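The chain contents come next:
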Amino acid sequence: MADVNRGNRPLSPHLQIYRWQVPMLTSILTRITGNALIVAALLIVWWLLAAATSAEYFAVADAVVRSWFGKLVFLGSIWAVWYHMLAGLRHLYYDSGRGLDIPTAEKLGWACIIGSVVLTVVTVVIL
């Protein structure tokens, strides 16, 4: 049978249709920070393996770690660790059945974002 309704069907919802909300942003950031921490861990493992291999290879790895790129990766990693930890605590709070209403969820989302930035600055200043 021919599909007579072919041109009149609605499109699937996607990011251009949805209005950005804080819980949506925090969910995406949690996934991004988790994956970014894997990249930082690989950089650390590479640096440690280079240290165990040879002095020349370690010099190359150490130059990358101490470059602006390495410093940027580790600064982002500090933020990602703090954000991921705060988001995990928020998730535990959600698992207890509290904070699931929209205003509280938005406040907790902003607390994760702002808190992770503040804790990152504190960490960088202390270290």
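Overview of the structure. None of the values given here were measured: they were computed from a predicted structure. (Residues numbered from 1 in each chain as written. Predicted model: local features only at pLDDT ≥ 70, side-chain atom pairs only at ≥ 80, totals over all residues. Heavy atoms only, no water.)

Within the protein one finds 4 helices and 0 strands. Across the 127 residues that make up the protein, the buried fraction comes to 22%. A separation threshold of at least 6 residues defines the contact pool for the protein, and within that pool the share at least 24 residues apart is 63%. Of the roughly 9,300 Å² of accessible surface on the protein, a fraction of 71% belongs to carbon and sulfur atoms. (Helix = DSSP H or I, 4+ residues; strand = E, 2+ residues; numbered from the N terminus. Buried < 20%, exposed > 50% of the residue type's maximum accessible area, 1.4 Å probe, protein only. Contact = heavy atoms within 4.5 Å. Areas by Shrake-Rupley, 256 points an atom, 1.4 Å probe, with all protein chains shown as cover.)

Side chains carrying opposite charge are able to pair once their charged atoms draw close together. Under the defined criterion, the tally for this structure stands at 1 salt bridge. One salt bridge in this structure joins D62 and R66, with 3.0 Å as the shortest N-O distance. Of this pair, D62 and R66 both sit in helix α2 (residues 55-66), 4 residues apart, which is roughly one turn of the helix. What makes D62 buried here is its relative accessible area of 16%. (Salt bridge = Lys/Arg side-chain N within 4 Å of Asp/Glu carboxyl O.)

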